[in-house]
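Working through the structure, step by step
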Amino acid sequence: MHDPLTGLGNRRVFQAALVAIFTKPHASAALLMIDLDRFKQVNDTLGHPVGDALLRLVGQRLRACLSQEDVVVRLGGDEFAVLLQHLDGVEALGKRLIDLLSRPYLVEGHLANIGASIGIAVAPSDANDPSTLMRHADLALYDAKAAGRHCIRFFKSELNARAQARLALETDLRRATALNQFALYYQPLVDIASGRVTEFEALLRWQHPSRGIVSPAEFIPLAEELGLIVPIGEWVLRHACRTAVTWPAEVRVAVNVSPMQFSDSKRLIGAVADALTTSGLPGSRLEIEITESVLMHNNAETLETLHALRALGVSIAMDDFGTGYSSLSQLRSFPFDKVKIDRSFVSQIDGKGGSGREVVRAIAALGSNLGMTVTVEGIETDAQANFVETSGGHQMQGYLISHPVPSDMVSALFSPPSPIASTPNPEPVTSARNRRLRGHDHEK
């Protein structure tokens, strides 16, 4: 009846208490589902024995904060539950628990800092049976974590609709992966010195039979959560290389690789090698783009993987530089060939004293001094393009040049007299120097 680690009640006690409450007439109760924030980092960095000791301290703090009539249990892992047979002061208790659990812990000589997220459902307004109360408290907990963690959320009826929509999207995404309902769009990168398109970034699109084109921002996080991003990423590699081999020999293709694909380095390296071999594309024409989060764990293994990719002739680019934890030491430690300055800095270029100007100049100088190509993303205005041309960058990418276009429209960008003097639609080129074009309206 008790959790052997914390001494709290276990899942059996919890289920029995839930059933007992709903056997009473006019039952009322509040269920608080508690999930610890950043606990996994403690386990990964300090080890499981320290993690177990921390869970015991969490259990002690919970028990000390509650009355004897309240049921507090550890459901498993870093998830706890509190069952109250009254509704008075529930929100205040939730906030007090978050404050208490977020205070530093001294665990076997280590200082550990974690937090907590709490989802709350109450009976009878939210549920009339134990399973519904649990499900609704879980939905509220999921909402708390989605809101940024370290907060409480009460169940709301719209959470049910949101959960159903997510389940439908998950089912559709699994079907799309099995049936290859994806397409690649390509956004050009312009070499500033020559004004020519020298590279295209392959961007994934989901062609849903009834939803239409689904935004990557909507389905990529879900694909990563479900583990589907690995087979999807391999599909992207194969198709991008197969398309790029039909382009002029001097034009390269860039493919984004998810941090999850690095968790199985052997499979990732094999997928890249297979895509190159089966397509006939030379490794020198493929660029792998990674984000800073790839560097946050297993640095030695990640470095080894990057070197193995470089051995295939592939170049490595750091995407969205400046938005996470990038540092000079990371740029010098990893074999990056390119750094891409995030669009958030570019949007701050326009106007008097644009704060993004010095950032772009500084990153461009840093990348150039380290022998890296510097690409500036998110170019949408002539003013931004004119600034970037004089700031030390090497490449530009953005809607001013072209929106991403489907593969059958890429060839229009290579039409004479100049690779970027043509446009895939009748709109005129806006730059005075005839160096930019516009494409179709699809977001990156």
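Notes on the structure follow. What you see is a predicted model, and the numbers here were worked out from it, not measured in a lab.

Secondary structure summary: the protein contains 15 helices and 17 strands in total. The buried share of the protein, taken over its 444 residues, is 50%. Residue pairs at least 24 apart in sequence account for 68% of intrachain contacts in the protein once pairs closer than 6 positions are excluded. With the model as given, the accessible surface of the protein reaches about 20,000 Å², and the carbon-plus-sulfur share is 53%.

The final tally for this structure, using the stated rule, is 6 aromatic pairs. Relative to Trp235, the ring of Phe182 lies with its centre 6.1 Å away and its plane at 55 degrees, an arrangement referred to as tilted. With Phe182 in strand β8 (residues 182–191) and Trp235 in helix α8 (residues 229–244), this residue pair connects regions lying 53 residues apart in the sequence. Among the residues examined, Trp235 registers a relative accessible area of 7% and is labelled buried. In textbook terms, an aromatic cluster arises when at least three aromatic residues are bridged by ring pairs, as seen for Phe182, Trp206, Phe219 and Trp235. A cation sits over an aromatic face here: Arg61 above Tyr105, 3.6 Å from the ring centre.

Attention now moves to unusual backbone geometry. With an omega of 10 degrees, the peptide bond running from Ala123 to Pro124 counts as cis. Along the polypeptide, Pro124 turns up in the loop between β6 (115–123) and α5 (130–146). Positive phi values are uncommon outside glycine, yet Arg38 reaches one of about 65 degrees. By the secondary structure assignment, Arg38 is in the loop between β1 (29–37) and α2 (39–46). The exposure class of Arg38 is partly exposed, given its relative accessible area of 41%. One non-glycine residue, His150, lies in positive phi territory at about 60 degrees.

Note on strand geometry: in a regular strand, side chains alternate between the two faces of the sheet. The buried fraction of strand β3 (residues 79–84) amounts to 5 of the 6 residues, a majority that puts the element mostly inside the structure. In terms of strand pairing, β1 meets β3 through 6 bridges, oriented antiparallel. Across the sheet, the residue bridging to Leu31 is Leu83, located in β3. Examined bridge by bridge, strand β2 (residues 71–76) and β3 share 5 bridges and lie antiparallel to one another. Residue pairing in the sheet places Val72 in a bridge with Val82 of β3.

This paragraph deals with the sheet that holds β1. Read from one edge of the open sheet, 5 strands run β2-β3-β1-β6-β7, paired in mixed fashion. Of all the strands in the sheet, the pair left with one neighbour each is β2 and β7 (152–154). Averaged over all pairs of adjacent strands, the angle between their axes in this sheet comes to 20 degrees, without regard to strand direction. Looking at chain direction, β6 and β7 are connected through 3 bridges and run parallel. When the bridges of β7 are listed, Ile120 appears paired with Phe154. Running over the sheet, helix α4 (residues 90–101) touches β1, β3, β6 and β7 and is turned about 20 degrees from β1.

Calculation rules
- Throughout, residues of each chain are indexed from 1 in the direction in which the sequence is written.
- For a predicted model such as this one, the threshold for reporting local features is a pLDDT of at least 70, and the threshold for listing and counting side-chain atom pairs is 80 or more; totals across whole chains, interfaces and linings nevertheless cover every residue.
- As a rule here, side-chain values come from all non-hydrogen atoms in the structure, and water together with hydrogens is ignored.
- Helical segments are the DSSP runs of H or I of at least four residues, strand segments are the runs of E of at least two, and each set is numbered from the N terminus.
- Note on classification: 1.4 Å probe, protein chains only; a residue is buried when its accessible area is under 20% of the maximum for its type, exposed when over 50%, partly exposed between these limits.
- Pairs of residues are marked as contacts when any of their non-hydrogen atoms sit within 4.5 Å.
- Surface accessibility follows the Shrake-Rupley procedure with a 1.4 Å probe radius. Residue values consider only the protein chains on display as shielding.
- Only centres within 6.5 Å qualify two rings of Phe, Tyr or Trp (six-membered ring in Trp) as a pair; their planes then separate them into stacked at under 30 degrees, edge-to-face at over 60, and tilted for everything else.
- Throughout this description, the term charge over a ring refers to an Arg CZ or Lys NZ atom that lies within 6 Å of the ring centre and within 35 degrees of the ring normal.
- A pair of strands is labelled paired if DSSP reports no fewer than 2 bridges between them.
- To get an axis, fit a line to the C-alpha atoms, keeping to the stretch in contact for a helix; angles then go from 0 to 180 degrees between the N-to-C directions.

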